[in-house]
Amino acid sequence: MLLPNQWSLRPVGRQVELGDFPINVAVHPGGRFAAVLHSGYSAHEILVVDIAAAQVFSRTAVHEAFYGLEFSKDGRQLFCSGAGDEVVHSYEFQQGSLTNDHPIKLRDPKLRAVPAGLAVDTTAQRLFVANVWGDRVTRVELSSQPHVSDILLGTNTAPLSIAPVIASADFDTEAATKREEASLYRAGPDDTFPYACRLDEKRQRLYVSLWAQAAVGVIDLKSEQLVARWPTQEHPCEMALTRSGKLLYVANSSRNTVTVLDTDSGKARETVWAALYPKALPGSTPNSLALSPDEKTLFVANADNNIVAVFDVEKPGKSRSLGFIPVGWYPTSVRVTPDGKHLLVANGKGITPKPNPLGPQPGVSRSTDQDVQFIGRLFQGTLSIIDLPPRKAFEAQLAGYTAQAYRCSPLKVKASVSAQHPADNPVPASEPGKDAFHRVPTGTSPIKYCIYIVKENRTYDQVLGDLPQGNGDPKLCLFPERVTPNLHQIARQFVLLDNFYAEAEVSADGHEWSMAAYATDFVEKM
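Residues numbered from 1 in each chain as written. Predicted model: local features only at pLDDT ≥ 70, side-chain atom pairs only at ≥ 80, totals over all residues. Heavy atoms only, no water.

Q: Explanation requested: the overall build of the chain in the structure shown.
A: Helix and strand counts for the chain stand at 7 helices and 30 strands. For a compact globule of 526 residues, the expected C-alpha radius of gyration is about 24 Å, and the chain comes in at 24 Å, within 12% of that figure. The proportion of buried residues among the 526 residues of the chain is 48%. A separation of at least 24 residues holds for 49% of the contacts in the chain among residues at least 6 apart in sequence. Total accessible area on the chain is roughly 25100 Å²; 53% of this is exposed by carbon and sulfur atoms. Across the chain, the centroid of the 52 positively charged side chains sits 6 Å from that of the 57 negatively charged ones. (Helix = DSSP H or I, 4+ residues; strand = E, 2+ residues; numbered from the N terminus. Rg over C-alpha atoms; globule rule 2.2 N^0.38 Å. Buried < 20%, exposed > 50% of the residue type's maximum accessible area, 1.4 Å probe, protein only. Contact = heavy atoms within 4.5 Å. Areas by Shrake-Rupley, 256 points an atom, 1.4 Å probe, with all protein chains shown as cover. Lys, Arg positive; Asp, Glu negative; His and termini not counted. Charge placed at Lys NZ, Arg CZ, Asp CG, Glu CD.)

What follows is the structure in structure tokens.
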């Protein structure tokens, strides 16, 4: 399957169709079921998958959710972050079904904090919540009447803001409302954006990944104070803590790496390179990781390469790459079953891109007309269930998986593009420079100035599809030449860009790709 960004999908394993943008997977301690949290444009929900049957067993709607999903150690409860509702949902879990939702109120829902990552202790008496917009962690004493308290992550943490904008039931109005609301908030350079948290009960510590600070915050639970910040690399997100508590693995989504922290010293034991190519520029987006039950193998989900990187981590400080596993589009979560026999990967955008010839049109509301193929409703995520044979057989299998992963990439070994330079192109080709990131032109370009015009929310076909010179479809043209004469004249005089593709679905990530050639996991998820 060829994607718009020229990467291909050849996912291995069994594929279970899910809902809109699965963002996190929690495996039940018993190993039969996996809960999958969805936080996309469409309805938020938790799907419970029967792993052996590779089927969705139950669905539970959630009004609003973001990332946080955690089973209690005995498997009887499932906790889910309630995002903008400022709650944590506590469900009873029985044989694959969620019942008796008990929302735990963290604060007034008018206050913005957005609970995200969760950590629950072994007795299910204490719950910790990272509030991604609140610059704080919330501690919850789980009792018949939960007691809630906040642990601030900065010395100058501002009071929580009150959202002044009234919500709407109309999707279009709601989208505009959220943009208006977001414009009222300003993030400063000291804001931490806590994302995930891991609990070390033996040391009485809570580790919190600080999404905006290239660091992990260390909270002493006796004093309930932030006592240290351990440096990582940019955009630390998900973490995995070894059972001994001695090593903390941190995925750095904006730097193609995983930082392995020594929890005794607070220093990096090593930095693991997770990208396909040894000199790749940032953009692989490692955003989730998991250890095998014997803690000898590390799995890292690279969202923008559509792969899971596999490492031998048996010898701390001397990790080695074992290869790559091709999965679906934008993997957001990777987990290993308790018996070590299956790898589970949530693919945020599924395995099939879809066209939308019946997309949004002037005068037609996508909120009331469900026949409108709005891009936000088209993507259905999937869960890849991949068998993990014994170690020797797995390493042999990885050789084939790795070769397949490289066949899915449009890049060369030096991370340059694989497209050939046309012989009649007046712009000169380039040749390798001093390293993989630099190239030198072979001649003088006739182009002196470049003016970049972006027509937001419209495809080439919708505006210029009626031009016979281009590779367009007149049937999809909504704004033909009689409506947009200036744009048509500009296209004739300069360039069509009729085969110019961007890795984006909506304005939020489209602007990032157009102006920066990359959308971070923050943009994709928030």
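That covers the picture; the talk isn't over yet.
Q: For this particular structure, what's the right way to read the packing of aromatic side chains?
A: How two aromatic rings sit relative to each other is given by the distance of their centres and the angle of their planes. Enumeration over the complete set of coordinates arrives at 17 aromatic pairs. Between Phe33 and Phe57, the ring centres sit 5.2 Å apart and the planes meet at 65°, which makes this aromatic pair edge-to-face. Taken together, the positions of Phe33 in strand 3 (residues 33–38) and Phe57 in strand 5 (residues 55–61) put the pair 24 residues apart, joining distant regions of the chain. An angle of 90° between the planes, with centres 5.9 Å apart, marks the rings of Phe324 and Tyr406 as edge-to-face. On the criterion of sequence distance, the pair formed by Phe324 in strand 25 (residues 320–326) and Tyr406 in helix 3 (residues 391–407) is long-range, its members being 82 residues apart. Using a relative accessible area of 6% as the deciding quantity, one classes Phe324 as buried. (Phe/Tyr/Trp six-rings, centres within 6.5 Å; stacked < 30°, edge-to-face > 60°.)

Q: Could you clarify how one ought to interpret the pairing of strand 25 in this entry?
A: Regular strands show a simple pattern: their side chains alternate between the two faces of the sheet. Strand 25 sits mainly inside the fold: 5 of its 7 residues count as buried. The pairing of strand 24 (residues 307–312) with strand 25 spans 6 bridges and is classified as antiparallel. Paired with Phe311 across the strands is Ser321, a residue of strand 25. (Pairing = 2+ DSSP bridges.)

Q: Just checking my understanding: could you explain the sheet that holds strand 24 for this structure?
A: What links the strands of a sheet is backbone hydrogen bonding, and the strands pair in either a parallel or an antiparallel sense. A sheet is described by the order of its strands in space; here 4 strands give the open sequence 22-23-24-25, paired in antiparallel fashion. Pairing within the sheet leaves two strands with one partner each, and these edge strands are strand 22 (286–291) and strand 25. Direction aside, neighbouring strands of the sheet carry axes that sit 25° apart on average. Pairing of strand 23 (residues 297–302) with strand 24 involves 6 bridges; the strand directions are antiparallel. If you follow Ala301 over to strand 24, its bridge partner there is Val308. (Axes fitted to C-alpha atoms, helices over the stretch in contact; angles between N-to-C directions.)

Q: Sorry, what's going on with a nonpolar patch on the surface here?
A: There is a patch of nonpolar side chains on the surface, built from Ile451, Tyr452, Ile453, Val454, Ile490, Phe494, Val495, Leu497, Phe500 and Met515 and spanning about 1100 Å² of accessible area. With respect to the secondary-structure elements, Ile490 resides in helix 5 (residues 485–493). Residue classification places Ile490 among the partly exposed residues on the basis of a relative accessible area of 36%. (Patch = residues over 30% accessible without salt bridge, like charges linked within 9 Å, V, L, I, M, F, W, Y side chains within 5 Å. Salt bridge = Lys/Arg side-chain N within 4 Å of Asp/Glu carboxyl O.)

Q: Sorry, what's going on with the environment of Met239 here?
A: Positionally, Met239 belongs in strand 18 (residues 236–241). Residues Met239 and Gly381, spaced 142 residues apart in sequence, show a C-alpha to C-alpha distance of 23 Å. Setting aside chain neighbours within four positions, we find Met239 in contact with Ala196, Cys197, Arg198, Tyr207, Val208, Ser209, Val216, Leu248, Tyr249, Val250 and Leu289.

Q: I'm lost on the pattern of salt bridges in this one. Help?
A: Any two side chains of opposite charge can pair, on the condition that their charged atoms come close. All told, the structure shown has 24 salt bridges when counted by the stated rule. Glu45 is the partner of Arg59 in a salt bridge, and the nearest nitrogen-oxygen pair spans 3.0 Å. Remark: Glu45 occurs in strand 4 (residues 45–50) and Arg59 occurs in strand 5; sequence separation between them is 14 residues. Across the salt bridge formed by Arg320 and Asp312, the nearest N and O atoms sit 3.3 Å from each other.

Q: How should the nonpolar core be read in this particular structure?
A: The nonpolar side chains of a soluble globular protein tend to be buried, and buried together. If you look at the biggest cluster of nonpolar residues, it comprises 68 residues, and the most contacted ones within it are Ile46, Phe66, Tyr249 and Leu298. Counting residues per element, this core draws most heavily on strand 19 (residues 247–252), at 5 residues. Those residues in contact with Tyr249 that sit more than four places away from it in its chain are Glu238, Met239, Ala240, Thr242, Val258, Thr259, Val260, Leu289, Leu291, Leu298 and Val313. Formed by 18 residues, the second largest nonpolar core is a distinct cluster that contains Phe299, Ile325, Val327 and Leu398. (Core = buried A, V, L, I, M, F, W, Y, C linked by side-chain atoms within 4.5 Å.)

Q: Is there a simple way to explain the environment of Val132 in this structure?
A: Note that Val132 resides in the loop between strand 11 (126–131) and strand 12 (136–141). For the pair Val132 and Pro115, spaced 17 residues apart in sequence, the C-alpha to C-alpha distance is 6.2 Å. Non-local contacts of Val132, meaning those with residues more than four positions away in its chain, are made with Phe66, Ala113, Val114, Ala116, Phe193, Pro194, Trp211 and Met526.

Q: I keep staring at the side chain of His488 and nothing clicks. Help me out?
A: One can find His488 in helix 5. Within the structure, the side chain of His488 is placed 2.7 Å from the side chain of Asp466, a separation counted as a polar contact. The contacts of His488, once residues within four sequence positions are left out, are Val463, Leu464, Asp466, Leu467, Phe479, Pro480 and Glu481. (Polar contact = N/O pair within 3.5 Å; in protein donor to acceptor, adjacent residues only side chain to side chain.)

Q: What is the right way to look at the environment of Glu141 in this model?
A: Structurally, the position occupied by Glu141 is in strand 12. Taking relative accessible area as the criterion, Glu141 reaches 26% and is therefore assigned partly exposed. Residues Glu141 and Thr442, spaced 301 residues apart in sequence, show a C-alpha to C-alpha distance of 67 Å. Non-local contacts of Glu141, meaning those with residues more than four positions away in its chain, are made with Gln125, Arg126, Pro146 and His147.

Q: It is not clear to me how the sheet that holds strand 21 (residues 267–273) should be interpreted in this structure. Could you clarify?
A: As summarised here, the arrangement of the 4 strands in space is 18-19-20-21, forming an open sheet in which the pairing is antiparallel. Edge positions in the open sheet fall to strand 18 and strand 21, since each of these has one partner strand only. In this sheet, adjacent strand axes meet at a mean angle of 25° when their direction is disregarded. As judged from the 6 bridges shared by strand 20 (residues 257–262) and strand 21, these two strands associate in the antiparallel manner.

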